[in-house]
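# Examination of the molecular architecture
What follows is each chain in one-letter form.
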Amino acid sequence: VIRCRAAVAWAVGKPLSVEEVEVAPPKAGEVRVKIVATGICHTDEHLLEGSFPNVDFPVIPGHEGAGIVESVGEGVTSVKPGDKVIPLCLPQCGECSFCLNPESNYCLKCHVSEPQSLLPDKTSRFTCKGKQIHHFLWVSTFAEYTVIPEYAVAKIDAAAPLDKVCLLACGFSTGYGAAINTAKVKPGSTCAVFGLGGVGLSVVMGCKAAGASCIVAIDINKDKFAKAKELGATHCISPHDFKKPIQEVLTEMTGHGVDYSFEVIGHADTMTAALASCNMNTGVCVMVGVPASGSVISFDPMLVLSGRTWKGTLLGGWKMRDCIPRLVASYLEKKFNSDVLITHTLPIAKVNEGFELLRAGK
Ligand code: NAD
Ligand code: ZN
Ligand code: ZN
């Protein structure tokens, strides 16, 4: 058993508490990882707000981490102590019918299908002050050590800087893949990106890499515009600057609406606005933002009947165990620069300050 620090969420709506926790050794088919760095994604904030009714508290959040294998359980063959790895919040068992389908990146053996806040064998490896602490998405990267199923770990290049490539565990890969894999943005096309957080800015990077000629970046926080422009946005607009709905603004700007629109906020109203912003016939709208649990969308069915495609993405459509190591290789070859997304670097003791910065749009 390892004693180390972790940021524990004891209850919904409460700040995280940095505690000493006990991390049990990995059981068969599991890997214990020393987490070196982790990002904060808005999905962790959704968890703290109580948007995941299936996740039990107390829980250790965090799912955008990178680390080094400390020890492995019986039967683990794909990684060994000392390997650099990225924990995968969407696993890839490689055997289920979805893993065998080249079009799918959703593994049927993942935590969405299984009890969410325990490992696959329905037990936890974390305790604190005599209490069992739950896992989040099987990765819980806000702990200095965490235990993860082997098929939710990807071995990466030993040269990878862990404090940079941790962003490939969620935010960067999700946004970049939403453009490249899910929407399949074509060269010369027009795109609109709603929400310019870490994920939305990565969508902008993906649209640019795919050769889009017009990328409209939309946010109510204009402080986000400078970075969006640096990454390839050709226009930056705030819905607050217009009297008419933003979908009408975008339709007028582009003639018939954009070819591809992306909602990267997680609100029902911006999801329908994004849908209505793309071309009525051939437009594709990708839902990336996570809606509040129980939210319902009502929309004019004519929006889709006329031909539009409305689709969602989990982690940008990448088959995670296969693709994350390749994305890390591309990062090392400087094919993209995800470092631009890093705004602040803090020690774990200041994790609540990190969330304050996220809430403040900084
Ligand atoms: P973030 O908080 O960093 O960014 C959200 C941005 O949206 C902010 O810049 C904010 O100012 C802007 N915004 C808020 N309301 C707006 C409005 N009405 N109009 C325009 N802009 C508005 O969040 P993030 O970490 O980039 O995550 C974005 C979303 O993506 C979250 O909902 C997160 O849960 C989700 N997400 C989904 C996946 C997936 O696999 N589908 C993966 C990662 C994150
Ligand atoms: Zn995330
Ligand atoms: Zn699978």
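On a predicted model such as this, the values are computed, not experimentally measured, just so you know. Every chain is numbered independently, its residues counted from 1 as its sequence is written. Chains carry letters from A onward and ligands carry numbers from 1 onward, assigned in written order. Since the coordinates come from a predicted model, pLDDT governs what is reported: local features require at least 70, and pairs of side-chain atoms require 80 or more to be given and counted, while whole-chain, interface and lining totals use all residues. Hydrogens and water molecules were not included; the side-chain quantities draw on all heavy atoms of the structure.

### Regarding the site of ligand 1
Close to ligand 1 lie 26 residues, the nearest being His42, Thr43, Asp219, Thr313 and Leu315. Counted as a polar contact is a pair of N or O atoms within 3.5 Å, where, for protein atoms, one must be capable of donating a hydrogen and the other of accepting one, and residues adjacent in sequence contribute only when both atoms are in side chains. Contacts to ligand 1 include Val288, whose backbone N or O atom sits 2.9 Å from a nitrogen atom. Contacts to ligand 1 include Leu315, whose backbone N or O atom sits 2.8 Å from an oxygen atom. Protein chains bury 88% of the 870 Å² of accessible surface belonging to ligand 1 in isolation. Of all the secondary-structure elements, those providing two or more residues to the shell around ligand 1 are helix 1 (42-49) and helix 5 (198-209). Per element, the largest residue contribution to the shell around ligand 1 is 3 residues, and it comes from helix 1. In this entry, domain limits derive from an automatic or database-based domain assignment. When residues of the shell around ligand 1 are assigned to domains, at least three map to each of domain 1 (2-169 + 319-360) and domain 2 (175-314). The near set for a molecule or strand comprises every residue that places at least one heavy atom within 4 Å of it. Surface exposure here means Shrake-Rupley accessible area, sampled with a 1.4 Å probe, where a residue is shielded only by the protein chains that are shown. Only runs of H or I of at least four residues qualify as helices and only runs of E of at least two qualify as strands under DSSP, and these elements are numbered from the N terminus.

### Quick notes on the environment of Gly197
Tracing the sequence through the fold places Gly197 in the loop between strand 10 (190-194) and helix 5. For the pair Gly197 and Leu341, spaced 144 residues apart in sequence, the C-alpha to C-alpha distance is 8.7 Å.

### Examining the coordination of the zinc ion (ligand 2)
Shown as donors are all N, O and S atoms within 2.8 Å of a metal ion, widened to 3.2 Å for Na, K and Ca; because water is not in the atom set, sites may appear incomplete. Distances from the zinc ion (ligand 2) to its protein donors, namely Cys41 (SG), His63 (NE2) and Cys170 (SG), fall within the range 2.0 to 2.3 Å. Donor residues for the zinc ion (ligand 2) sit on one chain with the sequence pattern C-x21-H-x106-C. Taken together, the residues Cys41 in the loop between strand 3 (30-38) and helix 1 and Cys170 in the loop between helix 3 (162-165) and helix 4 (171-183) connect sequence positions 129 residues apart. For the exposure calls, accessible area comes from a 1.4 Å probe over protein chains only, and a residue counts as buried if that area is under 20% of its type's maximum, exposed if over 50%, partly exposed in between. On the basis of relative accessible area, Cys41 is assigned to the buried category, the value being 6%.

### Points about the domain arrangement of the protein
Segmenting the protein into domains produces domain 1 (2-169 + 319-360) and domain 2 (175-314). Measuring from the centre of the C-alpha atoms in domain 1 to the corresponding centre in domain 2 gives 28 Å. Contact residues are listed per partner, giving 15 residues for domain 1 and 13 residues for domain 2. Put simply, buried area is how much 1.4 Å-probe accessible surface two parts lose in total, over both of them, once they are put together. For the pair domain 1 and domain 2, the two sides together bury roughly 1,000 Å², of which 66% comes from carbon and sulfur. Looking only at domain 1, the three residues that lose the most surface to domain 2 are His46, Val340 and Leu341, adding up to 42% of its buried area. Put simply, a salt bridge is a Lys or Arg side-chain nitrogen that is within 4 Å of an Asp or Glu carboxyl oxygen. The interface formed by domain 1 and domain 2 contains 0 salt bridges. Connecting domain 1 to domain 2 are 3 residue pairs in polar contact (both at pLDDT 80 or more). Gly counts as polar in this scheme, as do all residues outside two lists: the nonpolar Ala, Val, Leu, Ile, Met, Phe, Trp, Tyr, Cys and Pro, and the charged Asp, Glu, Lys and Arg. In the side of domain 1 that touches domain 2, the residues fall into 8 nonpolar, 7 polar and no charged. For this analysis, residues touch if any pair of their heavy atoms sits within 4.5 Å.

### A closer look at empty space enclosed by the protein
Of the two site types, the cavity is a set of points on a 1 Å grid over the protein atoms alone where a 1.4 Å probe fits but cannot get out, and the pocket is an open set with protein on both sides within 12 Å along at least five of seven lines, each lined by residues with an atom within 4 Å of a point. Grid points are joined across faces, edges and corners, and a volume is the space filled by probe spheres set on the points. In this structure the tally under the stated criterion is 1 cavity of 30 Å³ or more. Taken as a whole, the largest cavity spans an internal volume of roughly 40 Å³. As for the largest cavity, its lining consists of Pro91, Gln92, Phe98, Cys99, Ser104, Asn105, Tyr106, Cys107, Lys319 and Met320. Among the residues making up the lining of the largest cavity, the classes are represented as 6 nonpolar, 3 polar and 1 charged.

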